[in-house]
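One-letter residues, chain by chain:
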Amino acid sequence: MYKCGKCKLTILTDISTVGGIQCEKCGSKIFYKQRPNVKRVIKAR
Ligand SMILES: [Zn+2]
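Numbering of residues starts from 1 in every chain and runs along the sequence as written. Where totals are concerned, whole chains, interfaces and linings use all residues; where local detail is concerned, this predicted model gives features only for residues with pLDDT of at least 70, and gives and counts side-chain atom pairs only at 80 or more. With hydrogens and water stripped out, all remaining heavy atoms of the structure feed into the side-chain values.

Is there a simple way to think about the sheet that holds strand E3 (residues 31–33) in this case?
Strand pairing within a sheet occurs via backbone hydrogen bonds; the two strands may be parallel or antiparallel. The rule for pairing is simple: two strands pair if DSSP sees at least two bridges between them. Helix numbers and strand numbers start at the N terminus; a helix is a DSSP run of H or I with at least 4 residues, a strand a run of E with at least 2. If you trace the three strands from one edge of the open sheet to the other, you get E2-E1-E3, paired in antiparallel fashion. For this open sheet the edge positions go to strand E2 (10–11) and E3, each flanked by a neighbour on one side alone. Across two bridges, the pairing between strand E1 (residues 2–4) and E2 is antiparallel. Paired with Lys-3 across the bridge in E2 is Thr-10.

Put into structure tokens, the structure is as follows:
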């Protein structure tokens, strides 16, 4: 799962296939990788 670095639209297309994908909304080519289960719970002591 990727998120557009500009408009933060979630990209569902497989980016790794072509390497030249653009955001459907704003045409940006900057994306952030998103992992579904990265949520970390930090306990303060
Ligand atoms: Zn975008």
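It is not clear to me how the coordination of the zinc ion should be interpreted in this structure. Could you clarify?
Metal coordination angles have textbook ideals: 109.5 degrees for a tetrahedral set of four donors and 90 or 180 degrees for an octahedral set of six. For Na, K and Ca the donor cutoff is 3.2 Å, while for all other metals N, O and S atoms count as donors only within 2.8 Å; water does not appear among the atoms, so some sites may look incomplete. Within the protein, the atoms that donate to the zinc ion are Cys-4 (SG), Cys-7 (SG), Cys-23 (SG) and Cys-26 (SG), at distances of 2.2 to 2.3 Å. Just to be clear on the cut-offs, tetrahedral is four donors with all angles between 85 and 135 degrees, square planar is four donors and octahedral six with opposite donors over 155 degrees apart and all others between 65 and 115, and anything else goes down as irregular. One can describe the donor arrangement at the zinc ion as tetrahedral, given that its four donor atoms subtend angles of 104 to 114 degrees at the metal. Sequence spacing of the donors to the zinc ion: C-x2-C-x15-C-x2-C. Judged by its relative accessible area of 26%, Cys-7 is partly exposed. We call a residue buried when its accessible area falls under 20% of the maximum for its residue type, exposed when it is over 50%, and partly exposed in between, using a 1.4 Å probe and counting protein chains only.

Just to check I follow, could you spell out the environment of Met-1 for this structure?
Tracing the backbone shows Met-1 in the segment before E1. Taking the relative accessible area as the measure of exposure, Met-1 reaches 51% and is therefore exposed. Discounting residues that sit within four places of it in the chain, Met-1 has contacts with Thr-10, Ile-11, Leu-12, Tyr-32, Lys-33 and Gln-34. Every residue pair with non-hydrogen atoms within 4.5 Å of one another is taken to be in contact.

I keep staring at unusual backbone geometry and nothing clicks. Help me out?
Apart from glycine, the bulk of residues carry a negative phi angle, and the bulk of peptide bonds sit in the trans form. Of note, Lys-8 is a non-glycine position whose phi angle comes to about 65 degrees, a positive value. Checked against the element boundaries, Lys-8 lands in the loop between E1 and E2.

Quick question: what am I supposed to make of the side chain of Ser-28 here?
Assignment of secondary structure puts Ser-28 in the loop between E2 and E3. Residue classification places Ser-28 among the buried positions, given a relative accessible area of 7%. Of note is the side chain of Ser-28, whose polar atom sits 3.1 Å from the backbone nitrogen of Ile-30. Excluding residues within four positions of it along the chain, Ser-28 makes contact with Cys-4, Lys-6, Ile-21, Gln-22 and Cys-23. Polar contact criterion, stated in full: a pair of N or O atoms within 3.5 Å, where within protein one must be able to donate a hydrogen and the other to accept it, and residues adjacent in sequence count only if both atoms are side-chain atoms.

Geometry only, nothing functional implied.
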